[in-house]
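Coordinate inspection notes
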Amino acid sequence: LAGFAGALSDVVLLNLFANEVGNVNSTVMQLLEAMFAEMAKGADDAAMKTALVLVVRDADEDVAQEDFTASLVKDVTELWSTTSKNAAGSLDKFYTLSVVALPHYKYAADKFKSSCEALGRRLLDRNSPDFLSKTEFSKGIPADGFAAFAKSLWDSVYASSAAPAASVAARDIGAPSNDVKALSAADVAFSTALAAADAEIAPLKAKVSEGEKVDGFGAEATGILERALDSFDDATGDVASDSAVERKRRELESVVDIHLHSVFLKNLQLLREGALQNFKNAVASEQATSDFAFFNADSNFESEAKSSLRAGSDWSYASERTDLHSMMQDISSQQKRLLNAQLTAGQQQSQAMAYLHMQQQQLQQVQQQSYGGTGAAGNWNVGAAYRPPDTNVNLSLGYQQGRTNIQISMVPDEQASLLGPNGFTAGVGPANLGLSFNINL
């Protein structure tokens, strides 16, 4: 049925769950093997090209789609080479392969719905940039001849399937059809080792999900992968030289690496956030210059990021380090602009105070000139007071800064009874006349 559907369809969608990625003995891979076998028979038919879409269900949002795509493309390409024996040509000659990841339909319902709608547009909307039902995939079957074509195709597929089904089920990629023992041992060892590795990865994944970084994650990841491979080797020691076992071991390494890499990326984000926060604290407290704080934060991040790399992997922290540099440079620029603004405001305030002081001095000079005129006359200060005898009249005369002031008041002499006949009210004499005379030089 798989070969029949593949040869008849313009677009073939195959569903598989995320935990089946890397498992070459899954149902999907067996269906693909049957499709490829039928396609290889019609290798001379240039028109028989099909769009093959692998739909990964329940994809973990923490695992990039590029990781799924790379693993599946590799497996499918090797499966084609093994099935067709490279006699029909490369896979690209007959299939256009693409991978679509769908989130969990229950725990990420909104994202699942939007992803399905996007896939639907690829199938139905001709204006979509990645439209799948293109003319190049059409089998050129007219509507009135479809029944005859389908019957003829079915007869050819059914006739070619007369061989015992057991021989097909026993085949594996790169393995002899009669080596069922090696294939079975590899499957059991693969499942056991992967389950043990996932059990070790789970607490690390939970730790970074809670916002807590994992120190020395590289050593942890290396140990987990080595233990998984050692477990696989121990379980397949009797058939280790079989090609199916060797391939299964590579698949185990690839799958465990994907799971570890997702934790590595989250841990790297935490390291970047921690380095950025340390940089902010150092700049805000003014304990160090922004350049020194930049160097210190970058050095700490690089040291911790290096310790997070798994030995022998192609993991990299270059992108996160570039992002960290960009954010710290933005903060440094803002800090410098703030300091410049504060310095400018202080200078402007000082200039304003100096200008006000100068204006005040000029105003005082104008007042002195207005009141005292010019020359030395403005430096004279004279004052005098007199009370006529037996009266309450008090006369005072003052001259200060070129200005004369005369004041007349009616104030009783409260001290007259105490002064007696020689008081101010008894007459004017040398002893009861007060004068004051000041000269400003």
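Here the structure is a predicted model, which is why all the values come from computation and not from measurement.

Some points on the sheet that holds strand β1 (residues 11–17)
- With parallel pairing, the three strands of this open sheet are ordered in space as β1-β2-β3. A single partner strand is all that each edge strand has here, and the edge strands are β1 and β3 (95–101). When strand polarity is set aside, the average angle formed by the axes of neighbouring strands in this sheet is 20°.
- Pairing of strand β2 (residues 50–57) with β3 involves seven bridges; the strand directions are parallel. Note that in β3 the partner of V55 across the bridge is V100.
- Sitting on the sheet, helix α3 (residues 65–84) is in contact with β1, β2 and β3, with an inclination near 145° to β3.
- The strands touched by helix α4 (residues 109–124) within the sheet are β1, β2 and β3, with β3 carrying the most contacts at an inclination of about 160°.

Side note on the packing of aromatic side chains
- Scanning the model with the defined rule gives five aromatic pairs in all.
- Ring plane angle 15° and centroid distance 6.2 Å describe the contact between F217 and W315, whose orientation is recorded as stacked. Remark: W315 occurs in the loop between α10 (290–306) and α11 (318–372) and F217 occurs in helix α8 (residues 217–235); sequence separation between them is 98 residues. Taken as a pair, F217 and W315 share a single burial class, namely buried.
- Here the aromatic cluster, defined as three or more aromatic residues joined through ring pairs, consists of F217, F264 and W315.
- Over the ring of F190 we find K248, and its NZ or CZ is 4.7 Å from the ring centre.
- Positioned above the aromatic ring of W315, the side-chain terminus of R310 is 5.6 Å from the ring centre.

A word on empty space enclosed by the protein
- Inspection of every chain in the model, using the stated rule, returns two cavities of 30 Å³ or more.
- Considered as a void within the structure, the largest cavity measures approximately 80 Å³ in volume.
- In terms of lining residues, the largest cavity is bounded by G22, S71, K74, D75, E78, R247, R250, E251 and S254.
- Looking at the lining of the largest cavity, the elements with two or more residues in it are α3 and α9 (243–285).
- Classifying every residue of the lining of the largest cavity by side-chain character gives no nonpolar, three polar and six charged.
- Estimates place the volume of the second largest cavity at around 50 Å³.
- Taken together, L16, E20, G22, N23, V24, S26, V28, M29, L54, L72 and D75 make up the lining of the second largest cavity.
- For the lining of the second largest cavity, the secondary structure elements donating two or more residues are α2 (27–41) and α3.
- Here the lining of the second largest cavity is built from residues that sort into six nonpolar, three polar and two charged.

A few points about the side chain of E251
- By secondary structure assignment, the location of E251 is in helix α9.
- We classify E251 as buried; its relative accessible area is 4%.
- The residues contacting E251, other than those within four sequence positions of it, are G22, N23, V24 and F190.

Rules used in this analysis
- Residues numbered from 1 in each chain as written.
- Predicted model: local features only at pLDDT ≥ 70, side-chain atom pairs only at ≥ 80, totals over all residues.
- Heavy atoms only, no water.
- Pairing = 2+ DSSP bridges.
- Helix = DSSP H or I, 4+ residues; strand = E, 2+ residues; numbered from the N terminus.
- Axes fitted to C-alpha atoms, helices over the stretch in contact; angles between N-to-C directions.
- Contact = heavy atoms within 4.5 Å.
- Phe/Tyr/Trp six-rings, centres within 6.5 Å; stacked < 30°, edge-to-face > 60°.
- Buried < 20%, exposed > 50% of the residue type's maximum accessible area, 1.4 Å probe, protein only.
- Lys NZ or Arg CZ within 6 Å of the ring centre and 35° of its normal.
- 1 Å grid on protein atoms, 1.4 Å probe; cavity = no way out; pocket = protein on both sides within 12 Å on 5 of 7 lines; lining within 4 Å.
- Points joined across faces, edges and corners; volume = space filled by probe spheres on them.
- Nonpolar A, V, L, I, M, F, W, Y, C, P; charged D, E, K, R; others polar.

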